[in-house]
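Survey of secondary and tertiary structure
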Amino acid sequence: MLPIQLFRQNKELILNGIAKKNFKGAELVDKVIALDEERRRLQAENDALAATANLAAKNIGKLLSEGKKQEAELLKTEVAANKDKAKDIALLINEAEAELHATVVKFPNLPHSSVPFGKTPEENEVVRSGGVKPDLSAQKQPHWELTEKYGLIDFELGNKLTGSGFPVYVGQGAKLQRALINFFLTYNIDAGYKEYYPPYMVNEATAYGTGQLPDKEAQMYQTKEEGFYLIPTAEVPVTNVYRDTIVADNNLPVKMTAYTPCFRREAGSYGKDVRGLNRVHQFDKVEIVQLAHPDNSYDILENMVLHVEKLIQLLGLPYRILRLCGGDMSFASALTYDFEIYSAGQDRWLEVSSVSNFETFQSNRMKIRYKDENGKTQLVHTLNGSSLALPRIMAGIIENYQTPEGIRIPGALQPYFGKDIIN
RNA sequence: GGAGAAUUGGGGGAGUGGUUUAACCCACAGAUUUGCUAAAUCUGCGCACCUCAAAAAGGUGCCACUGGUUCGAAUCCAGUAUUCUCCGCCA
């Protein structure tokens, strides 16, 4: 959520920012400013009334203790007249606040100055790429053929048990999944991230904190009785660990990592884009989250990018890093780098990680703060990234490492998998 | 699932309708003094919003949460959440 003060102080900044992000709602800016003025006016009025009432109540108490009962009764009737007025104003304040809030949360985060202009994924900027595309000559197959051939994933069984988009990993496929999770977590923990194992369901306040609510409700599965949301990413519970807290600034940055399944009800889409592991409703992911001081959050973002890049390099997958253009960025992000690996069996790029700085957009909702050198409370910057999302990494390994003898296992993963080939 | 009890600031903890402006202790920060792996004394010590160009100052709200009763609520009432104890059920 954008801070309301920003609307008062720097309207131009907001107008420019939302234009870059391709958000159509310039007229809402003036609405926010008007509602904010209304709210403040009402509050000043309300406070004055309350101050009078408080004083009167105190005087009544004093009169009663002095035994002046009649005078006290007289004062009571005077005060009662103000009560209705105060009640009306309180009601108006609630209305104004609710509408103000509902309007402000519609605004996306403002993009960082380095974010390229653009509306579509084609306008994302390739920052750099690495790794070598394998030469598979004529024998290349997509992962859904290979997983069937080696009995690693049973998509049909998933259809039977649940529905489409819920693959069942079997035998060495399940083991590969487990090895990847373990490898990723160990790599993150070695880099100083503290491991969390959070709930897979969250309440409304938590889903609101990271920006899933109110607008992205349709993306999440929800339990019928309790109304809990199944997490679409570990970012949701993990970032909320620090909701409503003030972190000592010498404890920044806070580094957290978690493995969780992720549940997403995506809008219907068919064909090769969603074939196999390319897009599923339940998948595993290891996430990294940091809470950072605003002064160095962009250095930290670059560090997180290097961290993820190294991990992909360890797996020996060809990759590229994109800086997303304004129109392709997520609602809450100020700057996002996407990682894509080249999937040789399909001859296409697959997104495996997204690393973002949200600045104060999430912390303003969650009230995650620190004390600055003057003792003033300030909002922290929140950042997160995938390290990594499992299914597409699995697809990439299976396709890029396919050989006539079987699927080779990248060297760095072998200690976790226990052997060097699937055949 | 049933019955009972509880929830106060960073921690402990007092407070059962009106000089409580939430006592007191600890922790923490600053100053002073004595001096040296510290102690004593004094002062300060939460969050949010509003008035104000800002600072200073003042106002309002916050005792788990949401409402209610009252001129006045940490205190009384109702609902919700969480924790503890006992019973039941259970991997």
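Values in this document were obtained by computation on a predicted structure and should not be read as measured data.

Next up on the list: the domain arrangement of chain A. Size of an interface: often given as the accessible area lost when the parts come together. You can read the domains of chain A as domain 1 (4-104) and domain 2 (121-422). Inter-centroid distance (C-alpha atoms) of domain 1 to domain 2 is 44 Å. Taken together, the contact between domain 1 and domain 2 spans four residues of the former and eight residues of the latter. Counting the surface lost from both domain 1 and domain 2, the interface buries some 360 Å², and carbon and sulfur atoms represent 49% of this. If you sort the residues of domain 1 by the area they bury against domain 2, Lys20, Lys21 and His101 come out on top, with a joint share of 85%. Linking domain 1 to domain 2 there are zero salt bridges. For the pair domain 1 and domain 2, the interface holds four residue pairs in polar contact (both at pLDDT 80 or more).

The three strands lie next to each other as 7-13-14, forming an open sheet whose pairing is mixed. Strands with a single pairing partner mark the edges of an open sheet, and in this sheet they are strand 7 (245-247) and strand 14 (377-379). With strand direction ignored, the average angle separating the axes of adjacent strands in the sheet is 40°. The pairing of strand 13 (residues 368-371) with strand 14 spans three bridges and is antiparallel. Within strand 14, the residue paired with Arg369 across the bridge is Leu379.

Where helix 7 (residues 172-190) meets helix 10 (residues 297-314), the closest approach of the two axes is 11 Å, and the angle between their N-to-C directions is 140°. When the axes of helix 7 and helix 10 are compared, the pair comes out oblique. In the crossing of helix 7 with helix 10, the sense of the turn from one axis to the other is right-handed. Facing helix 7, whose interface residues are Phe183, Phe184, Tyr187 and Asn188, helix 10 presents His307, Lys310, Leu311 and Leu314. Grouping the amino acids of the contact of helix 7 with helix 10 by side-chain chemistry returns five nonpolar, two polar and one charged.

Around RNA strand B sit 20 residues in total, of which Arg39, Gln43, Asp47, Ala57 and Lys371 are the nearest. Counting only atoms of RNA strand B within 4 Å of the protein, the fraction found in sugar and phosphate groups is 71%. Interatomic distance of 3.4 Å between a side-chain N/O atom of Arg40 and a phosphate oxygen of RNA strand B. Residue Asn54 places a side-chain N or O atom 3.2 Å away from a phosphate oxygen belonging to RNA strand B. Of all the elements, helix 3 (residues 26-65) adds the most residues to the surface near RNA strand B, at 12 residues. The class makeup of the residues in the surface near RNA strand B is eight nonpolar, four polar and eight charged.

So, about the pattern of salt bridges. Inspection of the entire model under this criterion finds 12 salt bridges. Arg8 is the partner of Asp36 in a salt bridge, and the nearest nitrogen-oxygen pair spans 2.6 Å. A residue pair is termed long-range when its members are at least 10 positions apart, and Asp36 in helix 3 and Arg8 in helix 1 (residues 4-9) qualify at 28 residues. Owing to a relative accessible area of 1%, Asp36 belongs among the buried residues under this scheme. Between Arg320 and Glu340 there is a salt bridge, and its shortest N-O distance comes to 2.8 Å. A residue pair is termed long-range when its members are at least 10 positions apart, and Arg320 in strand 10 (residues 319-323) and Glu340 in strand 11 (residues 335-343) qualify at 20 residues.

It is worth spelling out unusual backbone geometry at this point. Between Leu252 and the following residue, Pro253, the backbone shows a cis peptide bond with an omega angle of -5°. Within the element layout of this structure, Pro253 appears in the loop between strand 7 and strand 8 (254-263). Each neighbour pair has its own omega, and for Ser387 with Leu388 the value is 0°, a cis peptide bond. Residue placement: Leu388 occurs in strand 15 (residues 381-389). Non-glycine residue Asp347 carries a positive phi angle of around 55°. Looking at the secondary structure, you find Asp347 in the loop between strand 11 and strand 12 (348-359). On the basis of relative accessibility, which here comes to 47%, the residue Asp347 falls in the partly exposed class.

Let's shift gears to the packing of aromatic side chains. This structure, assessed with the given rule, holds eight aromatic pairs. Relative to Phe107, the ring of Phe23 has its centre 5.6 Å away and its plane inclined at 50°; by these criteria the two rings are tilted. In this pair, Phe23 sits in the loop between helix 2 (11-20) and helix 3 while Phe107 sits in the loop between helix 4 (69-104) and strand 1 (125-130), placing the two residues 84 residues apart along the sequence. Relative to Phe361, the ring of Phe331 has its centre 5.7 Å away and its plane inclined at 80°; by these criteria the two rings are edge-to-face. Taken together, the positions of Phe331 in the loop between strand 10 and strand 11 and Phe361 in helix 11 (residues 361-366) put the pair 30 residues apart, joining distant regions of the chain. Given a relative accessible area of 1%, Phe361 falls into the buried group. Taken together, the aromatic side chains of Phe7, Phe23 and Phe107 make up a single cluster linked through ring pairs.

Quick notes on the rules
The residue count restarts for each chain, going from 1 along the sequence in the order it is written. Lettering for chains starts from A, numbering for ligands starts from 1, and both go in the order in which the items are written. Confidence filtering applies because this is a predicted model: local features only for residues at pLDDT of at least 70, side-chain atom pairs given and counted only at 80 or more, and all residues used for totals across whole chains, interfaces and linings. To get the side-chain values, take all heavy atoms of the structure and skip hydrogens and water. As used throughout, domain bounds are those supplied by an automatic or database domain assignment. Note on definitions: a residue-residue contact is assigned when non-hydrogen atoms from the two residues lie within 4.5 Å. Here's the idea: put two parts together, see how much 1.4 Å probe accessible area each one loses, and the total over both is what we call buried area. Counted as salt bridges are all cases of a side-chain nitrogen of Lys or Arg within 4 Å of a carboxyl oxygen of Asp or Glu. In protein, a polar contact means a hydrogen-donor-capable atom and an acceptor-capable atom, both N or O and within 3.5 Å, with residues adjacent in sequence counting only if both atoms are side-chain atoms; elsewhere, any N or O pair within 3.5 Å suffices. The rule for pairing is simple: two strands pair if DSSP sees at least two bridges between them. In this text, helices come from DSSP runs of H or I with a minimum length of four residues, and strands from runs of E with a minimum of two, each type numbered from the N-terminal end. What counts as an axis is a line fitted to C-alpha atoms, over the stretch in contact for a helix, and the angles between N-to-C directions run from 0 to 180 degrees. Relative orientations are named as follows: roughly parallel for angles under 35 degrees, roughly antiparallel for angles over 145 degrees, roughly perpendicular for angles from 65 to 115 degrees, and oblique for any other angle. Handedness of a crossing is defined here by the sense of rotation of the near helix relative to the far one, left-handed for an anticlockwise turn of less than a right angle and right-handed for a clockwise turn. For this classification, the nonpolar set comprises Ala, Val, Leu, Ile, Met, Phe, Trp, Tyr, Cys and Pro, the charged set comprises Asp, Glu, Lys and Arg, and every other residue, Gly included, is treated as polar. If a single non-hydrogen atom of a residue is within 4 Å of a molecule or strand, that residue counts as near it. Summary of the burial criterion: residues with accessible area below 20% of their type's maximum are buried, those above 50% are exposed, and those between are partly exposed, where the area comes from a 1.4 Å probe applied to protein chains only. Any two rings among Phe, Tyr and Trp, with Trp reduced to its six-membered ring, count as a pair given centres within 6.5 Å; such a pair is stacked if its planes are under 30 degrees apart, edge-to-face if over 60, and tilted if neither.

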